[in-house]
Amino acid sequence: MSHSAEPRATTQQPTPPAWQSVLRRVLPPLLVVLVALVSVGLHVRTYTLVGPIDELQHIDYLYKSPELVRPGDRFGDEAMEEEACRGLDYSGFELPPCVRGGDYDPDDFQEAGYNTASANTPLYYTITHALAAPLKAVATMDSLVTAGRLVGGLWLSAGLLLAYAAARRLGAGRWASAAVLALLACTPAVVYPSATITPDAATFAVGAGALLAALWWEERPARRWPVLAVVTVLALAIKMTNITVLVAIGLAMLIRLVAQRWSLVGSESASRPDGGPARGDVPGLRPVDWVVGGVTLAVTALVVAAGWQVAQGALTHGDLDAIPMNQKFKTDELSIEGVIGYVGQWLTPLSSPWAQVGRPEFTDALQRLSQLVVSTGFVAAAVIGLRALRERSLAWAVLLTGLTGASLFIVVSFVAQGLYVPPPARYGYALVPTMAVLTATGVKTRPATVALCVLAVGALVFSVLRLV
């Protein structure tokens, strides 16, 4: 007698509720934003002095925006009152007494009263002013500067979200991306510019936005090339030193073109150690696509930089030789030692906290940890190479830009303006989002992700203890 086989019971995993799926996607970037807002808020509460890195010039521009500040313009009374009443975070410079609504003399302030931020367009200042004015009114703050500093938290949050989106586009895990970015949101070298009045408050957003735009362009290069021109204009309009990230993206395109043209790789994909395809790959682009993308970046940057230089010359008034900063950097010759000495300066853009704020032991610890994580992460992406070609290309491009960028900046400054300007490490700040994204894409195991999350939590604790 035959027996018919009974159907085998199958066990189906229950479908998780929709809210759990949404929470899984939203929670990591939301926590990163909260960390950024806490860090910036505590810094603004703790640090009331005017910063020593040209913050007076930027405060003056903030008050005058959307009006253009021209070369030769002097400080307005509102900005001078802010410094006289807040104090300057620089010992040895004597300020006039604080007089609310007083009539101040620009000669009593830095740079003989000249606003050297005139090299920037009004874009950052106008956006910040537009957001700070209603915040000041709603929160009943007594200073536009305090509100403008808090707006820096929004600039940083936007940059972190853009970097998170770029990391996810390259296949990085949610929590690995969130952990790396939360660590940066606690780093003094990131928090300081985000919590003071400076166009560098927008630099993280610029660097992350440029990277995300380039990755988005790769998917439809023939149709989306105008986005590269738009991003270039916005990046340079906020601050000309943001060109560093544009150079890195252009170099990455060149590396991809050379690799494809010389058949240095078989395809756009890189295999994982287990033989599977690397995440975040895209189909290979044609050589003409890389040429169009690179030319778009280069030509747009050249037009914007040259146009702004011509405009600055036309807007100049007064005797610029009276500005101490111009005299300080003017030179008739350029030594090879002065150029070679800055090789590699922008490989570690987080090496300086800008200014000492809060407890120094926590400041030093946070600086070391964050710089170590992002430096090892992107260097490993370039050297080890167990990743997709576009990740390796980005890593090599950042490495080359960090190695040579500062020295090239010195040469260009001398040729164009007859100046010797030693570029600080912070001029490479626009490269940090790409470094962070490359670091996150290299985190492939659960233990490594957990370790990074623990490090991020520890960084948040250190950040709070530093500033409270």
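Throughout, a residue's number is its position along its own chain's written sequence, starting from 1. With pLDDT at 70 or above as the cut-off, local features in this predicted model cover only qualifying residues; side-chain atom pairs require 80 or more to be listed or tallied, and sums for whole chains, interfaces and linings still use all residues. Excluding hydrogens and water, the side-chain figures rest on all heavy atoms present in the structure.

Student: For this particular structure, what's the right way to read the packing of helix 2 (residues 55–64) against helix 4 (residues 123–138)?
Tutor: The geometry of a pair of packed helices is captured by two quantities: the angle between their axes and the separation between those axes. The axes used here are C-alpha line fits, helices contributing only the stretch in contact, and every angle between their N-to-C directions lies in the interval 0 to 180 degrees. Secondary structure elements follow DSSP: runs of H or I of four or more residues count as helices, runs of E of two or more count as strands, with numbering from the N terminus. Their axes nearest at 8 Å, the elements helix 2 and helix 4 cross at an angle of 65 degrees. Classified by chirality, the crossing of helix 4 by helix 2 is right-handed. Residue-level contacts link His58, Tyr61, Leu62 and Tyr63 of helix 2 to Tyr125, Thr128 and His129 of helix 4. Within the contact of helix 2 with helix 4, the residues separate by chemical class into four nonpolar, three polar and no charged. Whether a crossing is left-handed or right-handed is set by the direction in which the near helix is turned from the far one by less than a right angle, anticlockwise for left-handed and clockwise for right-handed. Every residue pair with non-hydrogen atoms within 4.5 Å of one another is taken to be in contact. In this count, Pro and Cys sit with the nonpolar residues alongside Ala, Val, Leu, Ile, Met, Phe, Trp and Tyr, while Asp, Glu, Lys and Arg are called charged and the others, Gly among them, polar.

Student: How should I be thinking about a negative patch on the surface in this particular structure?
Tutor: Only residues whose relative accessible area exceeds 30% and that form no salt bridge enter a patch; like-charged residues are grouped when within 9 Å of one another, and nonpolar side chains (Val, Leu, Ile, Met, Phe, Trp, Tyr) when within 5 Å. Computed by Shrake-Rupley with a 1.4 Å probe, the accessible areas treat only the displayed protein chains as cover when residues are assessed. By salt bridge we mean one thing: a side-chain nitrogen of Lys or Arg within 4 Å of a carboxyl oxygen of Asp or Glu. All tallies of charge rest on Lys and Arg as positive and Asp and Glu as negative; His and the ends of each chain are not included. A charged residue contributes its charge at one atom only: NZ of Lys, CZ of Arg, CG of Asp or CD of Glu. On the surface, Asp77, Glu78, Asp103, Asp105 and Asp108 cluster together into a negatively charged patch. Here Glu78 is to be found in helix 3 (residues 77–86). Here Glu78 falls in the partly exposed class, since its relative accessible area comes to 49%. With a 1.4 Å probe rolled over the protein chains alone, any residue whose accessible area is under 20% of its type maximum counts as buried; one over 50% counts as exposed, and the rest are partly exposed.

Student: Any chance you could explain helix 1 (residues 18–46) here in plain terms?
Tutor: Each turn of an α-helix holds 3.6 residues, which means side chains three or four residues apart point in the same direction. To estimate how far a helix should reach, multiply one less than its number of residues by 1.5 Å. If you check helix 1, its first and last C-alpha atoms are 41 Å apart, about what 29 residues at 1.5 Å a residue would give, namely 42 Å. In the structure, helix 1 departs most strongly from a straight axis at Val26, where the bend amounts to approximately 35 degrees and where the proline Pro28 lies between one and four residues downstream. Every buried residue of helix 1 is accounted for by Pro28, Pro29, Val32, Val33, Val35, Ala36, Ser39, Val40, Leu42, His43 and Val44. By definition, a residue's bend is the angle between the axes fitted to the seven residues ending there and the seven starting there.

Student: Just to check I follow, could you spell out the side chain of Thr203 for this structure?
Tutor: With respect to the helices and strands, Thr203 occurs in helix 8 (residues 203–219). Residue class for Thr203 comes out buried when judged on its relative accessible area of 2%. In protein, a polar contact means a hydrogen-donor-capable atom and an acceptor-capable atom, both N or O and within 3.5 Å, with residues adjacent in sequence counting only if both atoms are side-chain atoms; elsewhere, any N or O pair within 3.5 Å suffices. There is a polar contact of 3.4 Å between the side chain of Thr203 and the side chain of Asn242. Ignoring anything within four residues of it in the chain, the contact list for Thr203 reads Asn242, Tyr429 and Ala430.

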